[in-house]
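If you want the building blocks of each chain, they are given just below.
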Amino acid sequence: MKLVQGAWKLLVAIKDGLVLIAMLLFFGLLFAALNARPGTKAIPTGALVLDLDGTIVEQPEEQAPFAALSGQSMPRQYRARDVLRAIDEARTDDRVKALVLDLDRFGGGYPATLNEIADAIRRFRDTKKPVLAYATAYTDSGYRLAANASEIWVNPLGGTLFTGPGGNQLYYKGLIDKLGVNTHVYRVGKFKSFVEPYTRTDQSPEAREASRQLLGSLFGQWQDAVAKARPRAQVAQFLNSPERVIVAANGDIARANLSAGIVDKLGDRTAFGQRVAALVGSDTRKPIGNFTTIRYDAWIGAHPLSKAGDGIGVVTIAGDIVDGEGGPGSAHGDTIAKLILNGLATKNLKALVVRVDSPGGSVLASERIRLAILEAKKKGLPIVVSMGGLAASGGYWVSTPGDVIFAEPATITGSIGIFGIIPTFEKTLARIGVTTDGVKSTPLSGQPDVYAGTTPELDAILQAGIENGYRQFLGRVAQSRGMTPERVDQIAQGRVWDGGTARQLKLVDRFGGLQDAIAEAAKRARLDPAKIHAEYLEKEPGFAAQIAASFAEKDDDDATGGDVFARIAAERRGLLAQALGDVKRLATAGSVQVRCLECGGLGPSDTAGSDARLLDLILARVGL
């Protein structure tokens, strides 16, 4: 009996100890998070540092609680409008003596987004304040921003090699055939290439033609922008014959960049820090190379959004458009519709701006969002659409209620087409001796049958449904843009356009960013644009997510990026993650889709985070 009592006491003691440890951990994390909140510390006089160690997106994903503590390290996502606000607020603030762009680990963004950020950097520089950029190896997107700096620094062991947009796409038809999977594709639009990786081993002539025109236009804009920002940079030779230039420099890429005027200074981080310190000051108690820093998160926290004046509602549709409810990172149809309807019911909105940055997705979710936007129109609110980096397929579907559509010349849009995919596994099962049989009362009994395949009757029904969905898509665009369905069909067929061409085709009305769209909405509501504020209709992050975000903020000065070889290694890992993600999406896609394939290679992937987590999970399972 005493033995049992002793064991019980031991178990109770262990339980109490675990509870105490859990409570101490919780309150410790809470204390750290509260003390790490941006804006709680005074802003010093120094250099505002944009250490962009991730991608610039329209709407960041919500970080998983305590992910940082579990060892998961995902690249950070920076909200584009926050980066713009940070730079513009710094222009007229005397505490900000310089702007520092740390692009060592910059993951890029869509061309239109980068153009907006680059223009903001130029506005800052026009105030005569210095802008200094540093990286070990500049990417095309990183150099798009750095070109606007007054001084561009590069590590002597690094350098820049411009690659231009484009590259290879993964095609799974050979693997699918070997596995015996039968992919049933229902589509409309000869340029609707999203299904091609599952039905072909290479790019179709139509997709190649469309991609060549799109990439040529975007790359031309990049070259023009770099030439305007940095006229002395001899970029052409690094685009046309980079091997000749680098070999002539005995492989010293950084020195070749310096000779061509692409960079201004060669130096490591210590030398760069000393240069910034000479401009803004430093702390003599810290190691050499430090300078007085204004951290991005603290700066954003000290400059909250204005709430003065009448409210112009702004709803953001960012990421893949998917069915159901969920947090930021993907555009969940039910969630966004509720945000719009709740905003109309509880906020005194004078107009609605629809900010779109999406490659599309589910037709059902896209239509759910479109109908919610139309409720604002029924109330007499002006509807202005602002396209960000991309608004293609479903992203264009949700744009059709707009009274006016704004885009940037580099916005990726169009892709007006529709498709559906159903994989079946009858051939796979037959290879291992598994067959199917049964009694069917109608041609549709048991359909769609992923084990035995689809019937001709079902194929005809699904294709007819896809064609009807395409006609609806054409009709919505025709009504919105004042065209005939026949004319829309000529410029649709799933083809993707850059914003400049889309404006010529009357798919968009004007060039401009989000602030231009908000000002236009105010004018249409007969309000003074100077006396309004943007009322963002979005879900506030939960308490756990705020703690996760606080721990994700870095507080070190020694983080460095990698050279060209390190970037290649990261790209290889990303390619493997994408392949795994594509297989998962093929197996789990459950609705008719309006989605753009070409959009994925031109900016940060909307599925990169989930694909990377899937890869990590698989590698952990196999012990790698």
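Residues numbered from 1 in each chain as written. Predicted model: local features only at pLDDT ≥ 70, side-chain atom pairs only at ≥ 80, totals over all residues. Heavy atoms only, no water.

Participant: Could you give me a rundown of the sheet that holds strand S1 (residues 46–51), with the residues and numbers involved?
Facilitator: Within the open sheet, the six strands sit side by side as S8-S6-S5-S4-S1-S9. Their pairing is parallel. The sheet is open, and its two edges are formed by strand S8 (265–266) and strand S9 (293–295), each paired on a single side. With four bridges connecting them, strand S4 (residues 96–102) and strand S5 (residues 131–138) associate as parallel partners. Residue pairing in the sheet places Leu99 in a bridge with Val131 of S5. Where helix H2 (residues 80–91) meets the sheet, its contacts fall on S1 and S4, and the angle it forms with S1 comes to roughly 165 degrees. Strand contacts of helix H3 (residues 111–125): S4 and S5, with the helix running at about 150 degrees to S4, the strand carrying the most contacts. (Pairing = 2+ DSSP bridges. Helix = DSSP H or I, 4+ residues; strand = E, 2+ residues; numbered from the N terminus. Contact = heavy atoms within 4.5 Å. Axes fitted to C-alpha atoms, helices over the stretch in contact; angles between N-to-C directions.)

Participant: Tell me about the packing of H2 against H3, and please be specific about residues and values.
Facilitator: In the contact formed by H2 and H3, the axes pass within 9 Å of each other and the chain directions differ by 10 degrees. In terms of their interaxial angle, H2 and H3 are classed as roughly parallel. Together, Ala80, Val83, Leu84, Ile87, Asp88, Ala90 and Arg91 of H2 and Thr113, Glu116, Ile117, Ala120, Ile121, Arg123 and Phe124 of H3 make up the contact between the two elements. Broken down by class, the residue content of the contact of H2 with H3 amounts to nine nonpolar, one polar and four charged. (Parallel < 35°, antiparallel > 145°, perpendicular 65-115°, else oblique. Nonpolar A, V, L, I, M, F, W, Y, C, P; charged D, E, K, R; others polar.)

Participant: Can you break down the pairing of strand S18 (residues 418–424) residue by residue, with the values?
Facilitator: Burial analysis of S18 places seven of its seven residues in the buried class, the great majority of the element. With burial as the criterion, each face of S18 is covered, one bearing Ile418, Gly420, Ile422 and Thr424 and the other bearing Phe419, Ile421 and Pro423. Across seven bridges, strand S7 (residues 182–188) lies against S18 in antiparallel orientation. If you follow Tyr186 over to S18, its bridge partner there is Gly420. (Buried < 20%, exposed > 50% of the residue type's maximum accessible area, 1.4 Å probe, protein only.)

Participant: Pulling in residues and values, what's your account of the packing of aromatic side chains?
Facilitator: Evaluation of the coordinates by the stated rule reveals nine aromatic pairs. Every member of this aromatic cluster is reached through a ring pair, and the members are Tyr138, Tyr143, Phe162, Phe219 and Trp222. Over the aromatic face of Tyr536 sits the side chain of Arg81, whose NZ or CZ is 3.6 Å from the ring centroid. For the cation-ring pair, Arg503 lies above Phe511, with the distance from its terminal atom to the ring centre recorded as 4.6 Å. (Phe/Tyr/Trp six-rings, centres within 6.5 Å; stacked < 30°, edge-to-face > 60°. Lys NZ or Arg CZ within 6 Å of the ring centre and 35° of its normal.)

Participant: Any chance you could break down the environment of Lys178 for me, citing the residues and the numbers?
Facilitator: Tracing the sequence through the fold places Lys178 in helix H5 (residues 173–179). Since its relative accessible area comes to 67%, Lys178 is described here as exposed. Residues Lys178 and Thr428, 250 residues apart in the sequence, show an inter-C-alpha distance of 8.8 Å.

Participant: Pulling in residues and values, what's your account of the nonpolar core?
Facilitator: If you look at the biggest cluster of nonpolar residues, it comprises 53 residues, and the most contacted ones within it are Ile87, Leu99, Leu103, Tyr138, Tyr143 and Leu145. Not counting chain neighbours up to four residues away, the residues in contact with Leu99 comprise Leu48, Leu50, Ile87, Ile121, Phe124, Pro130, Val131 and Leu132. Membership of the second largest hydrophobic core comes to 49 residues, among which are Val188, Ile373, Val385 and Leu507. (Core = buried A, V, L, I, M, F, W, Y, C linked by side-chain atoms within 4.5 Å.)

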